[in-house]
Amino acid sequence: VQDLFDRGVAEMDAGAVVVRVEGIQEPCIIRKSESGGGGFLYATTALAAIRRRVQQLGAQRVVYCVDARQGLHFKLVFGAARKAGYAENSAAHDQASLEHAAFGTILGPDGRPFKTRSGENVKLVALLDEAAARAREAVALKNPDLSSDKASTIAETVGIAAIKYADLSSDRIKDYVFSFDRMLSFEGNTGPYLLYAVVRTRSILRKAVERGVTVRDNAQIRVCMPEEKDLALALLRYPSTVRSVAEHLEPHRLCQYLFDVASAFSVFVTNCPVLTAPDDATRDSRLSLCRLTDRVLSQGLGLLGIGTLDRM
């Protein structure tokens, strides 16, 4: 607070210490008045954190992933930080980028903020446990011969993937309705659907090895069928998609892209036999497309913090 006074950006207002930000009528309060307790606020520590992150740690981009309802708070804090010179990165000779990655609210079926039946906030651990339990039921129906340990491992991976993917696949600024049935579906733009797509790629590659076929990294990819072209073009969009997600801080773009790749792969394997291709060159080409699909889907899910499986 004293440093802000020394820089000439802080002033007294009705006993409180404030920083006025251009274009915003409400000031950024950094210390309450004596009658208000004289305490510091979130804005005070946020300004101190910006100064340290930029000027001591050398941050060039600082992203705050916080509820959209805190939008005014961050406009005031960012404006005050720039006015005080705290956002100046001397090493980079430039202003650090201060960004609020705002997100919406998770809603219940009634359209209100998601709560328990008793009106309390829902604990994440309870959601994950419930998702894993429901996923285990679904896995048991699809593959009843799995051992208990394998079924539990798969169920936990599927359940956590379902919740993470459902949250990240929605435009972060928008509200969305929480639904276990939708999240855990193996059809549509969901985490389980993408995990299943990865499993299918690995199953094909595994069967190729079992048949004595070498999956070569340098196999030439021949695009003859429309389904091969569609999958190849989808895979080529991966680098630009990741760059766009990082630039705009919108993970739902990556989710949509991965779903597009998985959908293109599903059509590809349905219409373009891989292991029973008409000749070795076509088989090797299609195996390469399967391998690339596995890499893109696995890495893309990894960027979202979602683990993959070899079998389901």
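Since the structure is predicted, the reported quantities are computational estimates derived from the model, not experimental observations.

Caption draft 1: Spatial organisation of the overall build of the chain. Within the chain one finds 11 helices and 9 strands. Its C-alpha radius of gyration of 26 Å places the chain more than 25% over the 20 Å reference for a compact globule of 312 residues. The principal-axis extents of the C-alpha atoms in the chain amount to approximately 80 × 50 × 30 Å. In the chain, which comprises 312 residues, the share counted as buried stands at 43%.

Caption draft 2: Helix H5 (residues 148–168), seen in detail. Taking 1.5 Å as the rise per residue, H5 with 21 residues should run 30 Å; its terminal C-alpha atoms sit 30 Å apart, in good agreement. Those residues of H5 lying buried are Ala151, Ile154, Ala155, Thr157, Val158, Gly159, Ala161, Ala162, Ile163, Tyr165 and Ala166. At its buried positions, H5 is contacted by helix H4 (124–142), strand S9 (176–177), helix H6 (180–183), helix H7 (191–210) and helix H10 (251–271).

Caption draft 3: Geometry of the nonpolar core. Val158, Leu194, Leu231, Leu258, Phe268, Leu287 and Met312 are the most contacted members of the largest nonpolar core, which has 58 residues in total. Mapped by element, the contributors of at least two residues to this core are H4, H5, H6, H7, helix H8 (226–236), helix H9 (238–248), H10 and helix H11 (280–303). A per-element tally of this core places H10 first, with 11 residues. Counting residues in hydrophobic clusters, the runner-up holds 27 residues, among them Val21, Ala81, Ala87 and Ala96.

Caption draft 4: Representation of the environment of alanine 135 within the structure. Tracing the sequence through the fold places alanine 135 in helix H4. Taking the C-alpha atoms as reference points, alanine 135 and leucine 231, separated by 96 residues in sequence, lie 29 Å from one another. If sequence neighbours within four positions are ignored, alanine 135 has contacts with Ala155, Val158, Gly159 and Leu184.

Caption draft 5: Focus on the sheet that holds strand S2 (residues 16–19). Reading across from one edge, S1-S2-S3 is the order of the 3 strands in this open sheet, with antiparallel pairing throughout. Looking at strand neighbours, the two that pair on one side only are strand S1 (10–13) and strand S3 (28–31), the edges of this open sheet. The mean inter-strand angle of the sheet, taken between neighbouring strand axes irrespective of direction, is 45 degrees. Here S2 runs beside S3; their pairing, made up of 3 bridges, is antiparallel. From the neighbouring strand, valine 17 faces S3, where its bridge partner is arginine 31.

Caption draft 6: Spatial organisation of the side chain of glutamate 99. Relative to the helices and strands, glutamate 99 is located in strand S7 (residues 97–100). Here the side chain of glutamate 99 touches serine 97 through a polar contact of 2.7 Å, side chain to side chain. Ignoring sequence-local partners within four residues, the contact set of glutamate 99 consists of Arg61, Val62, Val63, Tyr64, Phe78 and Leu249.

Caption draft 7: Just the packing of H7 against H11, in detail. For the pair H7 and H11, interaxial distance at closest approach is 9 Å and the crossing angle is 145 degrees. Handedness of the H7/H11 crossing: left-handed. Between H7, through Leu194, Leu195, Ala197, Val198, Thr201, Arg202, Ile204, Leu205 and Ala208, and H11, the contact on the second element is made entirely by Leu287, Cys290, Arg291, Thr293, Asp294, Leu297, Ser298 and Leu301.

Caption draft 8: Structural context of the side chain of serine 170. Position of serine 170 relative to the elements: it lies in the loop between H5 and S9. On the basis of relative accessibility, which here comes to 16%, the residue serine 170 falls in the buried class. A distance of 3.4 Å separates the side chain of serine 170 from the backbone oxygen of alanine 166, its partner in a polar contact. Contacts of serine 170, omitting those with residues within four sequence positions, involve Tyr176 and His252.

Caption draft 9: Region of interest: the packing of aromatic side chains. Per the counting criterion, the structure on display carries 8 aromatic pairs. Pairing tyrosine 238 with tyrosine 257 gives two aromatic rings, centres 6.0 Å apart and planes at 25 degrees, and the pair type is stacked. Of this pair, tyrosine 238 sits in helix H9 while tyrosine 257 sits in helix H10; the two residues are 19 residues apart in sequence, bridging distant segments of the chain. The exposure class assigned to tyrosine 257 is buried, which follows from its relative accessible area of 1%. Ring geometry for phenylalanine 265 and phenylalanine 268: centres 6.1 Å apart, planes at 40 degrees, overall tilted. Of the two residues, phenylalanine 265 and phenylalanine 268 both sit in helix H10, 3 residues apart, roughly one turn of that helix.

Caption draft 10: Here's a closer look at the pattern of salt bridges. One pass over the full model with this rule turns up 17 salt bridges. For arginine 134, the salt bridge goes to glutamate 130, with nearest N and O atoms at 2.8 Å. Within this pair, arginine 134 and its partner glutamate 130 are both found in helix H4, separated by 4 residues, close to a single helical turn. Using a relative accessible area of 33% as the deciding quantity, one classes arginine 134 as partly exposed. For glutamate 130, a relative accessible area of 32% gives the class partly exposed. Between arginine 202 and aspartate 310 there is a salt bridge; the shortest N-O distance is 2.9 Å. Taken as a pair, arginine 202 in helix H7 and aspartate 310 in the segment after H11 lie far apart in primary sequence, 108 residues in all. Bridged by salt links that share partners, the residues Arg216, Asp280, Arg283 and Asp284 form one connected network.

What counts, and where the lines are drawn
Residues numbered from 1 in each chain as written. Predicted model: local features only at pLDDT ≥ 70, side-chain atom pairs only at ≥ 80, totals over all residues. Heavy atoms only, no water. Helix = DSSP H or I, 4+ residues; strand = E, 2+ residues; numbered from the N terminus. Rg over C-alpha atoms; globule rule 2.2 N^0.38 Å. Buried < 20%, exposed > 50% of the residue type's maximum accessible area, 1.4 Å probe, protein only. Expected span 1.5 Å × (residues − 1). Contact = heavy atoms within 4.5 Å. Core = buried A, V, L, I, M, F, W, Y, C linked by side-chain atoms within 4.5 Å. Pairing = 2+ DSSP bridges. Axes fitted to C-alpha atoms, helices over the stretch in contact; angles between N-to-C directions. Polar contact = N/O pair within 3.5 Å; in protein donor to acceptor, adjacent residues only side chain to side chain. Left-handed = near helix turned anticlockwise from the far one by under 90°. Phe/Tyr/Trp six-rings, centres within 6.5 Å; stacked < 30°, edge-to-face > 60°. Salt bridge = Lys/Arg side-chain N within 4 Å of Asp/Glu carboxyl O.

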